[in-house]
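A structural walkthrough
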Amino acid sequence: MITFFICLALLVTAYFTYGRYLERVCRIDPAAEVPSKRLCDGVDYVPMPLWRTFLIQLLNIAGIGPIFGAIMGACFGPVAFLWITFGGIFMGAMHDFISGVILVRNDGLSIPEVIGRYLGGGARQFMRVFSVLLLILVGVVFLRSPASILGEMIPAVSYWWWIAIIVIYYFVATLLPIDKIIGKVYPLFGAALIFMALGLLGVIVFGKYEVPEMTTFRNFQLNAHALPIVPTLFITIACGAISGFHATQSPLMARCVNNERECRTVFYGAMIAESIIALIWAAIAMAFFSGADGLAAALAEHGNNAAWVVNTVSTTTLGVVGGILAVLGVVAAPVTSGDTAFRSARLIIADVFHIEQRSVARRLMISVPLFAVGVAITFVDFDVVWRYFAWTNQALATVVLWTIAAYLHLHKANMRVVMPVAVFMTFICSSFVFVSGQFFGMENRVLAYALAAAVTVALTLFMNYRFRHNGKVLG
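Attention in this report is confined to the structure presented alongside it. None of the values given here were measured: they were computed from a predicted structure.

**Side note on the overall build of the chain**
Scanning the chain from terminus to terminus reveals 19 helices and zero strands. Dimensions of the chain along its principal axes, counting C-alpha atoms only, are 55 × 50 × 40 Å. In the chain, the proportion of contacts linking residues at least 24 apart, taken out of those at least 6 apart, comes to 83%. As displayed, the chain offers around 17300 Å² of accessible surface, 69% of which is attributable to carbon and sulfur atoms.

**Description of a nonpolar patch on the surface**
A contiguous nonpolar surface patch, about 470 Å² in accessible area, is contributed by Ile-2, Ile-6, Leu-10, Phe-86 and Phe-90. When residues of the nonpolar patch are assigned to their parent elements, the largest contribution, three residues, is made by helix H1 (residues 2-16). Tracing the backbone shows Phe-86 in helix H6 (residues 79-104).

**With respect to the pattern of salt bridges**
One pass over the full model with this rule turns up eleven salt bridges. The salt bridge involving Asp-351 is made with Arg-255; its shortest N-O contact spans 3.5 Å. Separated by 96 residues along the polypeptide, Asp-351 in helix H15 (residues 306-353) and Arg-255 in the loop between helix H12 (245-254) and helix H13 (263-288) bring together distant segments of the chain. The same class applies to Asp-351 and to Arg-255, which are both buried.

**As for the environment of Gly-240**
Mapped onto the secondary structure, Gly-240 falls in the loop between helix H11 (229-236) and H12. As a C-alpha pair, Gly-240 and Gly-87 span 153 residues in sequence and 8.2 Å in three-dimensional space. Excluding its chain neighbours within four sequence positions, the residues that come into contact with Gly-240 are Pro-66, Ile-84, Gly-88, Met-271, Ser-275 and Ala-278.

**Details of H11**
Of all the eight residues making up H11, seven are buried; the element is thus mostly covered by neighbouring parts of the structure. Along H11, the positions that sit buried rather than exposed are Ile-229, Pro-231, Thr-232, Leu-233, Phe-234, Ile-235 and Thr-236.

**A look at unusual backbone geometry**
Between Val-230 and Pro-231 the backbone carries a cis peptide bond, its omega angle lying at 15°. Considering the arrangement of structural elements, one finds Pro-231 in helix H11. A positive phi angle, near 55°, is found at Asn-304, a position not held by glycine.

**So, the nonpolar core**
Core analysis: the biggest nonpolar cluster contains 174 residues, and Ile-98, Tyr-268, Trp-281 and Leu-408 have the highest contact counts within it. Of all the elements, H13 adds the most residues to this core, at 21 residues. Contact partners of Leu-408, with chain neighbours within four places excluded, come to Val-25, Ile-98, Ala-413, Asn-414, Met-415, Val-417 and Val-418. Counting residues in each nonpolar core, the second largest holds five residues, with Phe-434, Val-435, Met-442 and Ala-452 among its members.

**Observations concerning the environment of Ala-156**
Along the chain, Ala-156 turns up in the loop between helix H8 (121-153) and helix H9 (159-175). Sequence-wise, Ala-156 and Pro-35 are 121 residues apart; in three dimensions their C-alpha atoms are separated by 47 Å.

**Some details on the environment of Ser-250**
Secondary-structure assignment places Ser-250 in helix H12. In sequence terms Ser-250 and Asn-60 are 190 residues apart; their C-alpha atoms lie 8.4 Å from each other. In terms of polar contacts, Ser-250 uses its side chain to reach the side chain of Gln-57, at 3.2 Å.

**Remarks on the packing of aromatic side chains**
Applying the stated criterion across every chain, the model contains 24 aromatic pairs. Ring geometry for Phe-171 against Phe-371: centres 5.3 Å apart, planes inclined by 70°, an arrangement best described as edge-to-face. With a gap of 200 residues between them, Phe-171 in helix H9 and Phe-371 in helix H16 (residues 360-377) connect regions that are remote in the sequence. Phe-371 sits in the buried class, given a relative accessible area of 7%.

**A word on the packing of H8 against H9**
Following both chains from N to C, one finds H8 and H9 inclined at 135°, their axes separated by 9 Å at the closest point. With respect to H9, the axis of H8 lies oblique. Every pair of crossing elements has a handedness; the one defined by H8 and H9 is right-handed. In contact with Gly-139, Phe-142, Leu-143, Arg-144, Pro-146, Ala-147, Ser-148, Leu-150 and Gly-151 of H8, H9 contributes Tyr-159, Trp-162, Ile-163, Ile-166, Val-167 and Tyr-170. Of the residues assigned to the contact of H8 with H9, the class counts are eleven nonpolar, three polar and one charged.

**Quick look at the layout of surface pockets**
Gaps left between atoms are located by rolling a probe of water-molecule size over the structure's atoms. Here the second largest pocket is characterised by a volume of approximately 470 Å³. Around the second largest pocket, the lining is made up of 20 residues, and of these Ala-395, Thr-398, Val-399, Trp-402 and Leu-459 lie nearest the centre. At the level of elements, H8, helix H17 (382-410), helix H18 (419-435) and helix H19 (445-469) are the ones that each hand at least two residues to the lining of the second largest pocket. Of the residues that constitute the lining of the second largest pocket, the class distribution is 16 nonpolar, three polar and one charged.

Criteria and cut-off values
Residues numbered from 1 in each chain as written. Predicted model: local features only at pLDDT ≥ 70, side-chain atom pairs only at ≥ 80, totals over all residues. Heavy atoms only, no water. Helix = DSSP H or I, 4+ residues; strand = E, 2+ residues; numbered from the N terminus. Contact = heavy atoms within 4.5 Å. Areas by Shrake-Rupley, 256 points an atom, 1.4 Å probe, with all protein chains shown as cover. Patch = residues over 30% accessible without salt bridge, like charges linked within 9 Å, V, L, I, M, F, W, Y side chains within 5 Å. Salt bridge = Lys/Arg side-chain N within 4 Å of Asp/Glu carboxyl O. Buried < 20%, exposed > 50% of the residue type's maximum accessible area, 1.4 Å probe, protein only. Core = buried A, V, L, I, M, F, W, Y, C linked by side-chain atoms within 4.5 Å. Polar contact = N/O pair within 3.5 Å; in protein donor to acceptor, adjacent residues only side chain to side chain. Phe/Tyr/Trp six-rings, centres within 6.5 Å; stacked < 30°, edge-to-face > 60°. Axes fitted to C-alpha atoms, helices over the stretch in contact; angles between N-to-C directions. Parallel < 35°, antiparallel > 145°, perpendicular 65-115°, else oblique. Left-handed = near helix turned anticlockwise from the far one by under 90°. Nonpolar A, V, L, I, M, F, W, Y, C, P; charged D, E, K, R; others polar. 1 Å grid on protein atoms, 1.4 Å probe; cavity = no way out; pocket = protein on both sides within 12 Å on 5 of 7 lines; lining within 4 Å. Points joined across faces, edges and corners; volume = space filled by probe spheres on them.

As structure tokens, then:
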């Protein structure tokens, strides 16, 4: 359990130390005018109190990633603790904070538009399509997962009824001004999510379960060859360590913060909180099933159904009432991320075609086709949707990291905070393409990793060439 507590302490400490250092790197300006005040429209640009923007950002980015992803990632063993901790501090929270600051300074525009400003028009066009695709996949994943959990809790109501109920909620929440449902209800959902994490932390501290220590880099997966730690662990645990999806959500709160000083709390702080949630779920999942081996075996026996793990662990450790509240917190996370995923997709399309969003009719014009595509994808096998969502998510994070590098280079700031991370994630995403059965599935791992390294070196050299020859905003 010592490993768990050290990792927990590092995450908390990082908010007050590395988070403040990143503020200096970005030269946070308390006197700068923010979009919520200059562009206030009563729909998407709405000033909100810091505590609300923090809770909304946490719920928007959390989804099922730090829960389902952490449970699946814990099957690799205690090495998952290291990825969640150091990934969360130096990769995910840095990615969320600096990209959040960039978004605030670019009028809270959608992430493809901001990427285009710093990486060029070609990147903008590609990321417009790529981001909308990711957000629809996110919406579908975060539609089906809470429906599965609710189906486990209340078998009398069919899975497809839950799907219908959640879709109706998503549609309404996507259309309404951000301070109506999202601004008023999300803090309650946030309380449920935080209660769940604190309750399970109490179980870890005071309960009978023993959290395994990090004593080996052994891969505890039942089929370790098919699922190597590099790169699969780094793809499996995304939202608890680093996630490109977060950059698609951050424009929502970039349009609502009252001051640049709030960025560390809203963006860096929310990611640290999410990493803590992921750390707790990875720990309790391994402890409850007597180690990573037991967790992997239990998941295999139940069709790799992480929702079953959530329900079983919560109701067993926290009792019926506490378990129900905890599970509701887990349901709230994906539901709140799902509706804002569709909302973000609406905003991206609106930004692309310059469609004003004060009019309900114009919001409907974009939202109806989005939901039609999303509902159609719900009929595709969930495992297929999840696998491609996970890789797409990390690929977007990699693009955002290179955008951050371009921004810091342009402003003559310290690029060392992002360059190693951008190179690392480029290698992870490239190697997954060559190693995973979802893509090439190469059995010759040496060749697969060599090809990934070649792609990484080539892209790094290209990006450095662009940085040297472009000393201005590109688009």
